[in-house]
Amino acid sequence: MTRDTTEGATPDPAAPLVSLKNVNKHFGDLHVLQNINLNVARGEVVVVIGPSGSGKSTLCRAINRLETIDDGEIAIDGKVLPAEGKALAKLRADVGMVFQSFNLFAHKTILENVSLGPVKVKGMKSAEAKKLSMELLERVGVDNQANKLPAQLSGGQQQRVAIARALAMKPKVMLFDEPTSALDPEMINEVLDTMVSLAKEGMTMIVVTHEMGFARKAADRVVFMADGQIVEEATPEEFFTNPKSARAKDFLGKIL
Ligand code: ADP
Ligand code: MG
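Just so we're clear, the structure is a prediction, and the values are computed from it rather than from any experiment.

Visitor: Help me understand the UniProt feature "domain: ABC transporter" (unreviewed entry) in the protein chain, please; the structure alone is not making it clear to me.
Guide: UniProt records the feature "domain: ABC transporter" (unreviewed entry) at residues 18–252, using the numbering of this structure. Counted over residues 18–252, helix gives 38% and strand 26%. Its end C-alpha atoms are 27 Å apart.

See below:
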């Protein structure tokens, strides 16, 4: 069997799907990611929690190289992310990302928003991409909105479209950066429910959120970040009932 470093090599199912080794990142004098080591297993759901400014978004952005790193290594499914070029574009497609702001294309329909990526990036035939997109819209419960424009949908619906759009690229891992913080309270649960069912279906997920209910329901592990460091890691049960570090105790005291 020939082995190819970018495609075709059979990944070791026991190896971490996402692996960060000694990752460092500075913004000028600010050491925003300090020697981060984090492995996420296939099918694992990791919730990242921590005070504002602790580096959670930078961590997410580094994982798909929306942000460069100074040193260290980030690998997706055993393949180290290159800094740039075609190989990067290919690996980046393995990482789906959902942001706080939904970032849908305002002048494209919901269906187009979801089907554009598979056609443009993956070279999928338009009819096939539409079929896939309708299935995904149905899965997140907004298939009846397919021909509308984003502005005609509620925030919760738009965020579910953003999830469908990311899934359309068939990512190996999904990153969520505070996906419900821009939503009105009554819309938070519909998005969290979609994420819980995704987790139950076995999707590997890294989720930055302060939604404790979601963490308790769906997370295998909570990673607590403060000042650019991973301070503590535990199961949700352990973390919420018995945080170890003073930083985590202080943080939970403020949000719970
Ligand atoms: P979090 O998501 O945990 O709130 P961020 O990763 O957004 O934290 O930010 C961590 C720190 O890095 C903050 O102090 C923020 O101001 C700073 N930061 C983020 N992005 C940039 C940037 N592009 N340039 C300079 N500083 C930045
Ligand atoms: Mg953030």
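Visitor: Looking at this model, I keep getting lost on helix H1 (residues 56–63). Mind explaining?
Guide: Every α-helix carries 3.6 residues per turn, so stepping three or four residues along brings you back to the same face. The buried fraction of H1 is high, at six of eight residues. If you check which residues of H1 are buried, you get Lys56, Thr58, Leu59, Cys60, Ala62 and Ile63. Phi for arginine 65, located one or two positions after H1, is positive at around 60 degrees.

Visitor: Hey, could you run me through the pattern of salt bridges in this one?
Guide: Two side chains with opposite charge may pair up if their charged atoms get near one another. All told, the structure shown has 14 salt bridges when counted by the stated rule. Residues arginine 160 and glutamate 190 are paired through a salt bridge, measuring 2.8 Å at the closest nitrogen-oxygen approach. You can see arginine 160 sitting in helix H5 (residues 155–167) and its partner glutamate 190 sitting in helix H6 (residues 185–200), a full 30 residues away along the chain. Arginine 160 sits in the buried class, given a relative accessible area of 10%.

Visitor: I keep staring at the packing of helix H3 (residues 110–120) against H5 and nothing clicks. Help me out?
Guide: When two helices pack together, their arrangement is given by the angle between the helix axes and by the axis-to-axis distance. The geometry of H3 relative to H5 is characterised by a closest axis approach of 8 Å and an angle of 25 degrees between their N-to-C directions. Relative to H5, the element H3 lies roughly parallel. Considering the relative orientation of H3 and H5, their crossing is right-handed. Mapping the contact onto sequence places Ile110, Asn113 and Val114 in H3 and Val161, Ala164 and Arg165 in H5. Considering only residue class, the contact of H3 with H5 consists of four nonpolar, one polar and one charged.

Procedures and definitions
Position labels on residues start from 1 in each chain and follow its written sequence. Lettering of chains starts at A and numbering of ligands starts at 1, both following the order in which they are written. Thresholds applied to this predicted model are a pLDDT of at least 70 for local features of residues and 80 or more for the giving and counting of side-chain atom pairs; totals over whole chains, interfaces and linings are not thresholded and use all residues. Only hydrogens and water are removed before side-chain values are computed, so all heavy atoms of the structure are retained for them. UniProt positions are given in the numbering used here, feature names are shortened, and annotations may be inferred rather than shown by experiment. Strands are runs of DSSP state E lasting at least two residues, helices are runs of H or I lasting at least four, and both sets are numbered from the N terminus onward. Each residue is assigned to one of three classes by its accessible area relative to the maximum for its type, calculated with a 1.4 Å probe on protein chains only: buried under 20%, partly exposed between the two thresholds, exposed over 50%. Here, a salt bridge means any Lys or Arg side-chain nitrogen found within 4 Å of an Asp or Glu carboxyl oxygen. Helix axes are fitted to C-alpha atoms over the stretch in contact, other axes to C-alpha atoms as well, and angles between N-to-C directions run from 0 to 180 degrees. Should an angle fall under 35 degrees it is taken as roughly parallel, and over 145 as roughly antiparallel, whereas 65 to 115 is taken as roughly perpendicular and any remaining angle as oblique. For any pair of crossing helices, the crossing counts as left-handed if the nearer helix is rotated counterclockwise from the farther one by less than a right angle, and right-handed if it is rotated clockwise. Contacts are residue-level and defined by heavy atoms, with any inter-residue pair within 4.5 Å sufficient. Residues are grouped as follows: nonpolar covers Ala, Val, Leu, Ile, Met, Phe, Trp, Tyr, Cys and Pro; charged covers Asp, Glu, Lys and Arg; every other residue, Gly included, is treated as polar.

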